[in-house]
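# Structure at a glance
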Amino acid sequence: MDLWKEMDTYVRQWIREAGDRIIESFESPLVIETKSDRNDLVTNIDKETEQFLIRKIRTTFPEHRILGEEGFGEEIKDAGGVIWILDPIDGTVNFVHQKRNFMISIGVYEDGIGKLGYIYDVVHQELYSARAGKGAYFNGIPLPKLKENRLEDTILALNPTYVVSNRKMAPSKLAELVRDVRATRSYGSAALEMAYVAAGRLDAYMTMQLSPWDFAAGKILIEEVGGIVTDIYGKPLNILENSSVFASKPQLHETILRRYAPES
Ligand code: IPD
Ligand code: CA
Ligand code: CA
């Protein structure tokens with residue numbers, strides 16, 4: 001069997017199993033710790049989920065490398081070979097405070113090129129998946145190619161704190177963009193927001209700072225439905241580097257960059 005197809009069959013199984021374990025964990029008290037600051041949370045369930053996925057991957061594909069947000073994978077400095085990029089819970093603040101709107105995100109890259117992408121909405125049991133060149137799916141149903149829309153009809157996902165302050169783009173420019181679109185949304189999970197762009201529920205998503213595990217899967221999903229994923233200057237993303245991210249339908253991407261983009 002083709003390697004990617006074989007991996008695809010495994011990941012679908014593992015991600016749903018990992019999701020079921022998270023749901024079961026709702027019954028037990030959470031151990032919550034902070035990382036870089038008091039709002040950067042991690043729980044025992046983030047760690048257990050990453051360890052669970054890594055055990056599965058290492059047993060089945062021992063020659064592959066793994067980059068995981070919680071550090072149970074390897075330190076990876078080059079993009080050679082097959083690399084799994086895991087975010088065991090994307091939207092940990094939502095997980096802790098709301099017990100919803102958090103995702104498991106898994107991206108698989110070969111020599112820096114996206115091959116497989118999975119974003120699993122644990123509470124809704126909704127799986128967004130993509131295989132490079134084979135399209136993107138929502139619970140197994142093909143997602144259609146994205147249809148363009150005008151800027152004034154756009155629903156843009158954006159973290160409102162960036163309109164107040166950020167180091168990458170003039171808050172006044174962002175405020176203009178927010179004023180010119182139809183509406184903004186902020187769900188608190190980059191993976192969810194990227195899955196929603198792929199599914200056509202959001203027209204664009206812009207954020208000033210993400211890590212590879214936040215965007216690895218979403219990038220593949222969005223590209224499979226004809227969308228564009230770059231940084232906020234329009235430059236390609238490096239799958240091993242932190243970056244701003246701007247994901248959108250192609251024409252809208254160009255329009256927004258032309259009118260509002262910062263000079264790099
Ligand atoms: C966070 C979420 C959030 C984004 C942050 C990420 P985490 O991931 O994706 O939406 O704005 O930059 O760190 O910490 O919940 O996995
Ligand atoms: Ca994340
Ligand atoms: Ca996370």
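The text that follows walks through the structure, step by step, so that each part is easy to find. Once a new chain begins, its residue numbering starts again from 1 and follows that chain's sequence as written. Chain letters start at A and ligand numbers start at 1, both assigned in the order the entries are written. Reporting in this predicted model follows two pLDDT cut-offs: at least 70 for local features of residues, and 80 or more for side-chain atom pairs to be given and counted; totals over whole chains, interfaces and linings ignore these cut-offs and use all residues. Where side-chain values are given, they derive from all heavy atoms of the structure, hydrogens and water being excluded.

### Observations regarding the coordination of the calcium ion (ligand 2)
Around the calcium ion (ligand 2), the protein supplies D87 (OD), D90 (OD) and D214 (OD) as donor atoms, at distances of 2.1 to 2.2 Å. Only N, O and S atoms count as donors, using a 2.8 Å limit from the metal and a wider 3.2 Å limit for Na, K and Ca, and since water is excluded some coordination spheres may look unfilled. Donor residues for the calcium ion (ligand 2), ordered by position in the chain, follow D-x2-D-x123-D. The metal-metal distance between the calcium ion (ligand 2) and the calcium ion (ligand 3) comes to 3.7 Å, with D87 coordinating both. Its relative accessible area of 5% is what places D90 among the buried residues. Think of it in three bands: with a 1.4 Å probe and only protein chains considered, a residue is buried below 20% of the maximum accessible area for its type, exposed above 50%, and partly exposed in between.

### Some words on the nonpolar core
With 40 residues, the main nonpolar core has I85, I119 and Y128 as its most contacted residues. Strands here mean DSSP runs of E at least two residues long; helices mean DSSP runs of H or I at least four residues long; both are numbered from the N terminus. The element best represented in this core is helix α6 (residues 190-198), accounting for eight residues. Delimitation of the domains relies on an automatic or database domain assignment. Residues lining this core come from more than one domain, with at least three contributed by each of domain 1 (3-142) and domain 2 (151-260). Contacts of I119, omitting those with residues within four sequence positions, involve M103, I104, S105, E126, L127, Y128, A191, A195, A217, G218 and L221. By size, the runner-up hydrophobic cluster in this structure holds 30 residues, among which are W4, I22, L41 and V82. In this description, a nonpolar core means a group of buried Ala, Val, Leu, Ile, Met, Phe, Trp, Tyr and Cys residues linked to one another through side-chain atoms lying within 4.5 Å. Contacts between residues were defined by any pair of non-hydrogen atoms, one from each residue, lying within 4.5 Å.

### Points about the side chain of D121
Within the fold, D121 resides in strand β6 (residues 113-121). Here Asp and Glu are counted as negative and Lys and Arg as positive; His is not counted, and neither are the chain ends. By definition, a salt bridge exists where a carboxyl oxygen of Asp or Glu is found within 4 Å of a side-chain nitrogen of Lys or Arg. Notably, D121 is buried but unbridged: the nearest opposite-charge side chain belongs to R201, and the N-O separation is 6.4 Å.

### With respect to helix α7 (residues 212-224)
Expected span of a helix, by definition, is 1.5 Å for each gap between consecutive residues, and there is one gap fewer than residues. Across its 13 residues, α7 extends 18 Å between first and last C-alpha, which sits within 8% of the 18 Å expected from 1.5 Å per residue. Considering bend angle alone, the principal kink of α7 is centred on G218 and spans about 25°. For α7, a buried count of twelve out of 13 residues is recorded, marking the element as mostly surrounded by other parts of the structure. For α7, the set of buried residues is P212, W213, D214, F215, A216, A217, G218, K219, I220, L221, I222 and E224. Remark: G226 follows α7 within two positions and exhibits a positive phi of approximately 90°. Note that bend, as reported per residue, equals the angle between axes fitted to the 7 residues terminating at that residue and the 7 residues originating from it.

### Remarks on the site of ligand 1
Here, proximity means that at least one heavy atom of the residue falls within 4 Å of the molecule or strand. Surrounding ligand 1, one finds E69, D87, I89, D90, G91, T92, G188, S189, A190, Q209, L210 and D214. Between I89 and ligand 1, the recorded distance is 3.2 Å, taken from a backbone N or O atom to an oxygen atom. As used in this structure description, the phrase polar contact means that two N or O atoms lie within 3.5 Å; if the pair is within protein, one of them must be able to donate a hydrogen and the other to accept it, and residues adjacent in sequence are counted only when both atoms belong to side chains. At 3.3 Å from an oxygen atom of ligand 1 is found a main-chain nitrogen or oxygen belonging to S189. Only β4 (82-90) and β12 (204-210) provide two or more residues apiece to the shell around ligand 1. Top element by residues in the shell around ligand 1 is β4. It accounts for three residues. Here the residues of the shell around ligand 1 are counted per class, giving three nonpolar, five polar and four charged. Composition of the shell around ligand 1 by domain shows at least three residues from each of domain 1 (3-142) and domain 2 (151-260). Residues are grouped as follows: Ala, Val, Leu, Ile, Met, Phe, Trp, Tyr, Cys and Pro are nonpolar; Asp, Glu, Lys and Arg are charged; all remaining types, including Gly, are polar.

### Some details on the coordination of the calcium ion (ligand 3)
At the metal site, the calcium ion (ligand 3) is ligated by E69 (OE), D87 (OD) and I89 (O), and these contacts range over 2.2 to 2.3 Å. Mapped onto the polypeptide sequence, the residues donating to the calcium ion (ligand 3) form the spacing pattern E-x17-D-x1-I. For I89, a relative accessible area of 1% puts it in the buried group.

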